Amino acid sequence: MPDALTLPTRRDEDYRYADLGALAAVWPLAPETIVVPAGESRRMTVVQTGDAPQVRDLAIDLGEGATFTLHVLTVGAASARIAVTVRLAATAAFHLGAAQLAGAGATAEIVTRVVHAAPNAVSRQVVRSVAAAGGTVNYLGKVLVEKGADGTDGEQSVRAMLLDRTATANARPELEIHADDVKCAHGCAVGELDAQALFYMAQRGLPPELAKRLMLQAFVAEALVGAEDEEALQDQARAALEALL
Amino acid sequence: MMLIIDNLHATVADKPILKGLSLTINAGEVHAIMGPNGAGKSTLGYTLGGRPGYEVTGGTATFDGEDLFALEPHERAAAGLFLGFQYPVEIPGVSFVQFLRESLNAQRKSRGEEPLSGGEFLKLAREKAALLKLDMDMLKRPVNVGFSGGEKKRAEMVQMGILDPKLAILDETDSGLDIDALRIVGDGINAVMRRPDKAVLLITHYQRLLDYVKPDFVHVLAGGRIVRTGGAELALELEERGYEAVAA
Ligand SMILES: Nc1ncnc2c1ncn2[C@@H]1O[C@H](COP(=O)(O)OP(=O)(O)O)[C@@H](O)[C@H]1O
Ligand SMILES: [Mg+2]
C-alpha cells in the first residue's frame, strides 16, 4: 500500500480502475480505525452521495468473537471510493453489504482486504452494483486466510448489472489461503437482467421499463438487507435507482 | 370471434416449429390442444404471447379484431391475453403482491381505467387466493421462489383470477398437481373463465384436467399443425389409442 500522503497511480494494484482525478481533489486521506473488542458487536452504514467525490478508508480490527456489520450505499453523481481492511480474530464475524449505483462519468469503487488471522472466523461480502451509460463500478476484494486460521468461512458474492453498452464493471475477487479446512466461495457475475423473468412480467402486463425497475430494485435491495435503519436506506437506494434509469 | 389463427408459421432458433397452424376460438368456448412431447404446444403459447426468440415467419393471429403480432407482449396482456406458463419463472426479491399490483394497474392504465389502491388490490388478491386455496401469505413472498410445482401452478391461476383476462392459454397447468389440487385448479378455471365473454385454450397431455374443465373442442397438434379436431370424446380416444393412431 502507498503511504497515505502520496497520491497513488494506476500502477498500484488497488487503484488500477480508480478515478484518480476525483481522488486528487480529496487527497490525502484520513484513514479511520475501528476496534471492536472481544465479544462485542457494531453496525455501521456509510452512504456516499452528493456532487463532490467521496473517499473513505476504514481499518477494522475485530477481537475474538466480535462482529461487525457494514453497509455501504454509493449513489452520488460524483466518483466515490471506499477501502476497507478488516482483521478477524478467532470466531469473529464480518458482514459487508454494499450497493453501488454509478451514473455517467462516475466511478464507484469498493476495495476490501479481509484478513482471517485466527481460526473459525466468518466473513461475508455481498456487493450489488448497477452502472448506467458512462458509469463505472469496481470491486477489488481480497480474502486472505493466514496460517493457522483453520475453519475459516469466507464468502464473496459480487454481481454487477450494466444498463448500457457504455457502462463498465470491473470485478476482481481474490482468495489467498494458507490454512486448512477452509470454506471460501466467491461468485462474480457481470450481466443483464434475466430475459425469462422479463418476458414473464411482460406477459402479466408489466411494460419493460417497469419490469426492469422492479428487478433492479430487488437486485440492489439484497445488498442492504439487515442494515441499521434499513427502510430509510432502501428508500434512498430506490430513489437513486429511479434517477439512474 | 375472439381469436383467429390463420396458417401460422413460427421458428425457434431458426428451426421451423409451427408449420401452418390454423385455429379459431369464439367467446364462451373452451378448447383443448393435445399432442405428443415436442409437437409445438408450448411454442404456440409463447408465440401468441410474444416471447422473444419465437419468430413468426408466416400467417396471422387476430385477437378481438386486432392484429396480435403488432402488439408488444405487455400490450397483448392488456388486451386480455393470459398465458399460464408450463414452467412459471422465479423472480427473487420481487413479491407477488407488488408485481401483480403493478401489472394489473399497468393493464388498467392502458385501458384508461383508474388504478386500484393498495387496499383494493389486497382485497381482490385475497379473494382469488381463497378461490384457489392458496395461502395469502404466499403472495407476500418473492414470485414463485421456493414454491413447489403444484403451488406454482395454483399461483398461476390466482394471477389469472386477479388479472381477469378474456382469453387464457394454459400450458400444462395440470402437470405437477395431485388429484385434490387438480380439482381445485379445475374449479378455479371454471369460476374465473367459464363466461360467455371469455375463452380458454387448455394445453395438456392428459384427459384428467378435461374431466373438470369440459372442452367444447379438442385438437390434436402434431408436426406443427392441427391434424385433427373433435369434441370432448376425442380426448378419450387419444387416451385410449395414443397420439400416433389418432393423428395418423
Ligand atoms: N429455445 C429453444 N431452442 C431450440 N429449440 C427449441 C426451443 N424451445 C423449443 N424447441 C423445440 O421446439 C419443438 C417444440 O417444443 P415445444 O413447443 O416445447 O413442444 P411441446 O410443448 O409440444 O412439448 C421441440 O422440438 C423443441 O426441441
Ligand atoms: Mg410444452
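In the block above lies the structure referred to throughout.
The model shown is predicted, which means the values in this text are computed figures rather than measured ones. (Residues numbered from 1 in each chain as written. Chains lettered and ligands numbered in written order. Predicted model: local features only at pLDDT ≥ 70, side-chain atom pairs only at ≥ 80, totals over all residues. Heavy atoms only, no water.)

Caption draft 1: Just the overall build of chain B, in detail. For chain B, the count of helices and strands is seven helices and 12 strands. Taking 18 Å as the expected radius of gyration for a compact globule of 248 residues, we find that chain B reaches 18 Å, a close match to that expectation. Counting only C-alpha atoms, chain B reaches 55 × 40 × 35 Å along its principal axes. The 248 residues of chain B split such that 55% are buried. Counting contacts in chain B only where the partners sit at least 6 residues apart, residues at least 24 apart contribute 68% of the total. (Helix = DSSP H or I, 4+ residues; strand = E, 2+ residues; numbered from the N terminus. Rg over C-alpha atoms; globule rule 2.2 N^0.38 Å. Buried < 20%, exposed > 50% of the residue type's maximum accessible area, 1.4 Å probe, protein only. Contact = heavy atoms within 4.5 Å.)

Caption draft 2: Summary view of the side chain of H205 of chain B. Residue and element names in this part refer to chain B. Mapping H205 onto the fold places it in the loop between strand 10 (199-204) and strand 11 (217-222). Among the residues examined, H205 registers a relative accessible area of 18% and is labelled buried. In this structure the side chain of H205 is engaged in a polar contact, spanning 3.2 Å, whose partner is the side chain of N37. Once you skip the residues sitting within four places of it in the chain, H205 turns out to touch M34, G35, P36, N37, K41, E172 and Y243. (Polar contact = N/O pair within 3.5 Å; in protein donor to acceptor, adjacent residues only side chain to side chain.)

Caption draft 3: Just the coordination of the magnesium ion (ligand 2), in detail. Coordination sphere of the magnesium ion (ligand 2), protein contribution only: S42 of chain B (OG) and Q86 of chain B (OE1), at 2.1 to 2.3 Å. Remark: Q86 of chain B occurs in the loop between strand 6 (81-84) and strand 7 (91-95) and S42 of chain B occurs in helix 1 (residues 41-49); sequence separation between them is 44 residues. (Donors = N, O, S within 2.8 Å, 3.2 Å for Na, K, Ca; no water.)

Caption draft 4: Examining the pattern of salt bridges more closely. All names here are of chain A. Following the criterion strictly, the structure yields 29 salt bridges over all chains and no others. Across the pair R128 and E222 runs a salt bridge, and its minimum N-O distance is 3.1 Å. Of this pair, R128 sits in strand 8 (residues 122-131) while E222 sits in helix 3 (residues 208-224); the two residues are 94 residues apart in sequence, bridging distant segments of the chain. On the accessibility criterion, E222 (40% relative accessible area) is partly exposed. Residues joined by salt bridges that share partners form a network here, namely E13, D14, R16, R172 and E174. (Salt bridge = Lys/Arg side-chain N within 4 Å of Asp/Glu carboxyl O.)

Caption draft 5: Region of the structure containing the site of ligand 1. Residue and element names in this part refer to chain B. Surveying the vicinity of ligand 1 reveals the residues V12, K15, I17, P36, N37, G38, A39, G40, K41, S42, T43 and Y54. For ligand 1, an oxygen atom lies 3.3 Å from a polar atom in the side chain of K15. G38 is positioned such that a nitrogen or oxygen atom in its backbone is 2.8 Å from an oxygen atom of ligand 1. Calculation on ligand 1 without its partners gives an accessible area of 560 Å², and the protein chains cover 63% of this total. Listed by contribution, the elements that provide at least two residues to the shell around ligand 1 are strand 2 (15-25) and helix 1. Tallying contributions element by element places helix 1 first for the shell around ligand 1, with three residues. Looking at the shell around ligand 1 residue by residue, the classes come out as five nonpolar, five polar and two charged. (Near = heavy atom within 4 Å. Areas by Shrake-Rupley, 256 points an atom, 1.4 Å probe, with all protein chains shown as cover. Nonpolar A, V, L, I, M, F, W, Y, C, P; charged D, E, K, R; others polar.)

Caption draft 6: Main features of helix 2 (residues 195-203) of chain A. Where helix 2 of chain A is concerned, the buried positions are A197, F199, Y200, M201, A202 and Q203 of chain A. Sitting at the amino-terminal end of helix 2 of chain A is D194 of chain A, which places a side-chain oxygen 3.1 Å from the backbone nitrogen of Q196 of chain A.

Caption draft 7: Focus on the sheet that holds strand 10 (residues 153-162) of chain A. Residue and element names in this part refer to chain A. Reading across from one edge, 2-4-6-8-10-12 is the order of the six strands in this open sheet, with parallel pairing throughout. Since the sheet does not close on itself, it has two edges, and those belong to strand 2 (41-48) and strand 12 (183-191), each with one partner. Averaged over neighbouring strand pairs, the angle between their axes works out to 5° when direction is ignored. Here eight bridges tie strand 4 (residues 67-74) to strand 6 (residues 93-102), and the two strands are oriented parallel to one another. In the strand pairing of strand 6, L70 is matched with L96. The sheet strands contacting helix 4 (residues 230-244) are strand 2, strand 4, strand 6 and strand 8, and the helix crosses strand 6 at an angle near 30°. (Pairing = 2+ DSSP bridges. Axes fitted to C-alpha atoms, helices over the stretch in contact; angles between N-to-C directions.)

Caption draft 8: Representation of the interface of chain B and chain A within the structure. Counting from both sides, the interface comprises 30 residues of chain B and, opposite them, 19 residues of chain A. With both sides pooled, the region where chain B packs onto chain A buries about 2000 Å², and carbon together with sulfur makes up 69% of that total. At the boundary of chain B and chain A, one finds two salt bridges. Taking the shortest distance from any N to any O, the salt bridge between R213 of chain A and E102 of chain B comes out at 3.8 Å. There are nine residue pairs in polar contact (both at pLDDT 80 or more) connecting chain B and chain A. Among the elements of the structure, helix 1, helix 2 (73-78), strand 6, strand 7, helix 3 (96-110) and helix 5 (149-163) of chain B are those that each provide at least two residues to the side of chain B that touches chain A. (Buried area = accessible area lost by both parts, 1.4 Å probe.)

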